[in-house]
Amino acid sequence: MSTITLSPAPPAPSVWAPPRLSMRWWPVFLRNLLVWRKLAIPSLVGNIAEPLMWLVAFGYGMGALVGQVKLGGVSVPYILFLASGSICMSAMNAATFEALYSAFSRMHVQRTWEGIMNAPVSLDDVVMAEMLWAAFKSLFTVTAILGVMLALGISYSPKLVVAWPVLLLTGITFSCIALIFNALAKGYDFFTYYFTLFLTPMMFLSGVFFPRDQLPSVVRVVSDWLPLTHAVEIVRPLFMDQWPAHGLLHLLALAAYAGVAFWVALALTRKRFRT
């Protein structure tokens, strides 16, 4: 009697395998856009109200006390200094909130991702769509804030056109980082650690509210490596109608953070769905 030998199933690919992406992320992105469009106005108001309050309270209130800020041998109004940093902070916060709370709701609470993957859409495409969607929302937010800044006459530099793609890259970078914590989270409370231990210190160490020259030398070294610092170092000179001194280096740093963080987020998300 002949026997049938079953070959063992091939091992599952490593979670650290390179991203397997296609254009199937686009329907997922479009789905998020259509859902968000129903609440676009309240969402926009919520995203821009807080940074504008920071700008008005600190820019005009504290700015009246501070006056001018020395920056690279040039004196600039504090409101201009703060605006150029706070718009980068707004890109960071908007992308982070979307890639944490909203993405976690779709992934874990509502299980929308599982429903999407019943169609011929891979997990890699879903994560890609979530990353780009969070970056798009951050860009939408900072565009509205930038419009208000222009209306207030804070800066009329034509070089602000260049700031727009830089802010998009900033949103991409922080959405990728946030998706790492999204993959690790067991619940919404987990995100408190991310905000308290990572985002909040970075806001104060990256030159958003005061020049980094005021920091102790050891802290300054740490600040040099923060992704928000690289964004501020590019955008602030553009507000001053100047070109960044090391713009390409800062752009490459942001792109490197985004690439590495996306790969790590994708690997951890694959691991979560396998278990």
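Residues numbered from 1 in each chain as written. Predicted model: local features only at pLDDT ≥ 70, side-chain atom pairs only at ≥ 80, totals over all residues. Heavy atoms only, no water.

Another aspect to go through is a nonpolar patch on the surface. A cluster of nonpolar side chains, contributed by Met23, Trp26, Leu30 and Leu34, occupies part of the molecular surface with about 390 Å² of accessible area. Summarising the element assignment, Trp26 is placed in helix α1 (residues 25–37). (Patch = residues over 30% accessible without salt bridge, like charges linked within 9 Å, V, L, I, M, F, W, Y side chains within 5 Å. Areas by Shrake-Rupley, 256 points an atom, 1.4 Å probe, with all protein chains shown as cover. Salt bridge = Lys/Arg side-chain N within 4 Å of Asp/Glu carboxyl O. Helix = DSSP H or I, 4+ residues; strand = E, 2+ residues; numbered from the N terminus.)

Next up on the list: the nonpolar core. Ile87 and Phe239 are the most contacted members of the largest nonpolar core, which totals 81 residues. Sort the elements by how many residues they give to this core and helix α3 (residues 78–109) lands first, with 16 residues. (Core = buried A, V, L, I, M, F, W, Y, C linked by side-chain atoms within 4.5 Å. Buried < 20%, exposed > 50% of the residue type's maximum accessible area, 1.4 Å probe, protein only.)

Moving on to the pairing of strand β1 (residues 68–71). Taken together, the 4 bridges between β1 and strand β2 (residues 74–77) define a ladder with antiparallel strand orientation. Counterpart to Lys70 in the pairing with β2 is Ser75. Adjacent in sequence and paired antiparallel, β1 and β2 are bridged by 2 residues, among which Gly72 carries a positive phi angle near 60°. (Pairing = 2+ DSSP bridges.)

As a further point, take the pattern of salt bridges. The full count for this structure, using the stated rule, is 10 salt bridges. Between Glu130 and Arg106 there is a salt bridge, with the nearest N and O atoms lying 2.7 Å from each other. In this pair, Glu130 is assigned in helix α5 (residues 123–151) and Arg106 in helix α3, connecting sequence segments 24 residues apart. Grouping residues by exposure puts Glu130 and Arg106 together as buried.

Okay, unusual backbone geometry next. Negative phi values dominate among residues other than glycine, just as trans dominates among peptide bonds. Non-glycine residue Arg111 carries a positive phi angle of around 55°. Among the structural elements, Arg111 can be located in the loop between α3 and α4 (112–116). Overall, Arg111 belongs to the partly exposed group, its relative accessible area being 45%. Here Asp241, not a glycine, exhibits a phi torsion of approximately 60°, which is positive. Tracing the chain through its elements places Asp241 in the loop between α9 (227–239) and α10 (247–274). Classification of Asp241 as partly exposed rests on a relative accessible area of 40%.

Next up on the list: the packing of aromatic side chains. This model, assessed by the stated rule, comprises 24 aromatic pairs. Here Trp133 and Phe136 contribute two aromatic rings whose centre-to-centre distance is 5.6 Å and whose plane-to-plane angle is 25°, an arrangement assigned as stacked. Of this pair, Trp133 and Phe136 both sit in helix α5, 3 residues apart, which is roughly one turn of that helix. Using a relative accessible area of 1% as the deciding quantity, one classes Trp133 as buried. (Phe/Tyr/Trp six-rings, centres within 6.5 Å; stacked < 30°, edge-to-face > 60°.)

This next bit is on helix α7 (residues 191–205). With 15 residues, α7 should reach 21 Å at 1.5 Å per residue; the first-to-last C-alpha distance of 20 Å fits that figure. Along α7, the sharpest kink reaches roughly 30°, centred on Leu199 and followed within four residues by the proline Pro201. Listed in full, the buried residues belonging to α7 are Phe191, Tyr194, Phe195, Leu199, Met202 and Met203. Those residues of α7 that are buried are in contact with α3, α6 (160–184) and α9. Positioned one or two residues after α7, Gly207 has a phi angle of 80°, which is positive. (Expected span 1.5 Å × (residues − 1). Bend = angle between axes of the 7 residues up to and from the residue. Contact = heavy atoms within 4.5 Å.)

With 13 residues, α1 should cover 18 Å at 1.5 Å per step; its first-to-last C-alpha distance of 18 Å lies within 8% of that length. Taken residue by residue, α1 has Trp25, Val28, Phe29, Asn32 and Trp36 as its buried positions. The arc enclosing the buried residues of α1, seen along the axis, measures out at 100°, which places them on a common side. (Arc of directions from axis to C-beta.)

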